[in-house]
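Geometric and topological summary
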Amino acid sequence: MNAMEQNIQYVFTPIPEEMICFHRSTTTELLNPAQLYHRHDAYEIYLFLRGNTYMYVEQSCYKLSPGDLLLIRPGEMHRCVCADNQMYERIGLNLRRSALERLSSRRTNLLACFDSAPSGLNTLIRLSKDQCSFYSRLADQLIHSLHSEDYGQDLLADSYATRLLVFINTLQQSSAALPHNLMPELVRQTMAYIEAHLLDPISSGQLEQEFHYSGKYISRLFREHTGLTVRSYIVNKRISLAMSHLTAGKSVAAACELSGFSDYANFIRSFTKVAGMSPGRYRASTLP
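What you see is a predicted model, and the numbers here were worked out from it, not measured in a lab. (Residues numbered from 1 in each chain as written. Predicted model: local features only at pLDDT ≥ 70, side-chain atom pairs only at ≥ 80, totals over all residues. Heavy atoms only, no water.)

Quick word on the environment of Arg24
Short version of the rule: Note on conventions: DSSP H or I runs of at least 4 residues are helices, E runs of at least 2 residues are strands, and numbering of each starts at the N terminus. Exposure is judged per residue with a 1.4 Å probe applied to protein chains only, and the accessible area is read against the type maximum: over 50% gives exposed, under 20% gives buried, and values in between give partly exposed. Between two residues, a contact is recorded if the distance between any of their heavy atoms is within 4.5 Å.
Mapped onto the elements, Arg24 comes out in strand β2 (residues 19–27). Take Arg24: its relative accessible area is 43%, and that puts it in the partly exposed class. Separated by 188 residues in the primary sequence, Arg24 and His212 place their C-alpha atoms 45 Å from one another. Residues within four places of Arg24 in sequence aside, it is in contact with Tyr88, Glu89 and Arg90.

Written out as structure tokens, the structure is:
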């Protein structure tokens, strides 16, 4: 697995604050047209406003339309691909679990919209023009409050965030959107196989036997549609699993073993390259 672990094309981006919101319009000439997969240690709500854009979330790929809202959970791999040089506009909201729990009540669980669907699936809600305008106004008010030191703005920020989350949960409960998943079936099946066998050795030969295609074809199709090699995908899924074990208080050695790594030195090296810090430091940063 040494070669696999040396070819890491993946970004872990920690969210340093309890709540971050932004509204950005970007000329896509300034963007990498095929952004690498990345993930966060917080929840993300992404509203697409304009552009010619594809969004990949785990095993799904969606061609976005204005008003498409995606719910992305901590650790879920995602990337945005802009197909041309149209202006790319979106609103992003990142929330740590502590913020969602703090804003929830006994009667109203604001995490419900994230917890109601399998990982990477059914994460897209289609907003009408009026709903999109309402969301955008609330988000802009939230952004102003988060960046203001004026009296009461912290309370107003919580209020705007709560209204957004109640709105999203209400929409999600009644959403009938069935977005077309553009990810090829073989790529989805390969991802699902890796997820199910993450703790076992996974070779190109095993994938050939499982799917009755050559390993080279599987690898080429996988990289074409994800921007990742199969091997780097496996490593990063294992590192994501290791992060969850470390967050739960497991030792570095236990996290290595429980995440499918057979070589401790390679685990330390691969984890540090992806997370930007050693497993021990990551563990310390997540514990109370």
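What to know about the state of the cysteines
What counts here: Cysteine sulfur pairs qualify as disulfides if the two atoms are within 2.5 Å.
Following the criterion strictly, the structure yields zero disulfides and no others. With no disulfide of its own, Cys113 lies 15 Å from the sulfur of Cys21, the closest cysteine sulfur. Residue Cys132 stays outside any disulfide, its sulfur separated by 13 Å from that of Cys21, the closest cysteine. Given the relative accessible area of 11%, Cys132 is considered buried.

Details of the pattern of salt bridges
Opposite charge on two side chains makes pairing possible when the charged atoms of those side chains draw close. The cut-off we apply is this: The salt bridge definition used is simple: a Lys or Arg side-chain nitrogen within 4 Å of an Asp or Glu carboxyl oxygen.
Counting across every chain of the model gives eleven salt bridges. In this structure, Glu185 engages Arg188 in a salt bridge whose closest nitrogen and oxygen atoms are separated by 2.2 Å. Residue Glu185 and its partner Arg188 are both found in helix α6 (residues 185–196); the two are separated by three residues, about one turn of the helix. In this structure, the salt-bridge partner of Arg220 is Glu224, at a minimum N-O distance of 3.9 Å. One end of the pair, Arg220, and the other, Glu224, are both in helix α8 (residues 215–226), four residues apart, so they sit about a helical turn from each other. When salt bridges with common partners are traced through the structure, they connect Glu18, Arg102 and Asp158 into a single cluster.

Concerning the pairing of strand β6 (residues 60–63)
On a regular strand, each side chain points to the face opposite its neighbour's, so the side chains alternate between the two faces of the sheet. Here is the rule we go by: We call two strands paired when DSSP finds no fewer than two bridges between them.
With four bridges connecting them, strand β5 (residues 53–57) and β6 associate as antiparallel partners. Across the sheet, residue Tyr54 finds its bridge partner in β6, namely Lys63. Joining the antiparallel neighbours β5 and β6 is a turn of two residues, in which Glu58 adopts a positive phi near 50°.

A short note on the side chain of Asn236
What counts, and what does not: N or O atoms within 3.5 Å of each other form a polar contact, as long as, within protein, one can give a hydrogen and the other can take it, and as long as residues adjacent in sequence are counted only when both atoms are side-chain atoms.
Inspection of the secondary structure assignment puts Asn236 in helix α9 (residues 230–247). Assessed through its relative accessible area of 0%, Asn236 is described here as buried. Engagement of the side chain of Asn236 in a polar contact is seen with the backbone oxygen of Ser232, the distance being 2.7 Å.

Examining the sheet that holds β2
Test applied: Axes here mean lines fitted to C-alpha atoms, for a helix over just the part in contact, with angles spanning 0 to 180 degrees between N-to-C directions.
Read across the open sheet, the five strands follow the order β2-β9-β4-β7-β10; overall the sheet is antiparallel. Edge positions in the sheet fall to β2 and β10 (124–126), since each has one partner strand and no second. Across this sheet, the average inter-strand angle for adjacent strands is 15°, counted without regard to direction. Of the pairings in the sheet, the one linking strand β4 (residues 43–50) to strand β9 (residues 87–95) comprises seven bridges and is antiparallel in character. Residue Leu47 lies in a different strand from β9, and its bridge partner there is Ile91. In the packing of helix α4 (residues 129–146) onto the sheet, contacts are made with β2, β4, β7 (68–72), β9 and β10, and the angle to β2 comes to roughly 115°.

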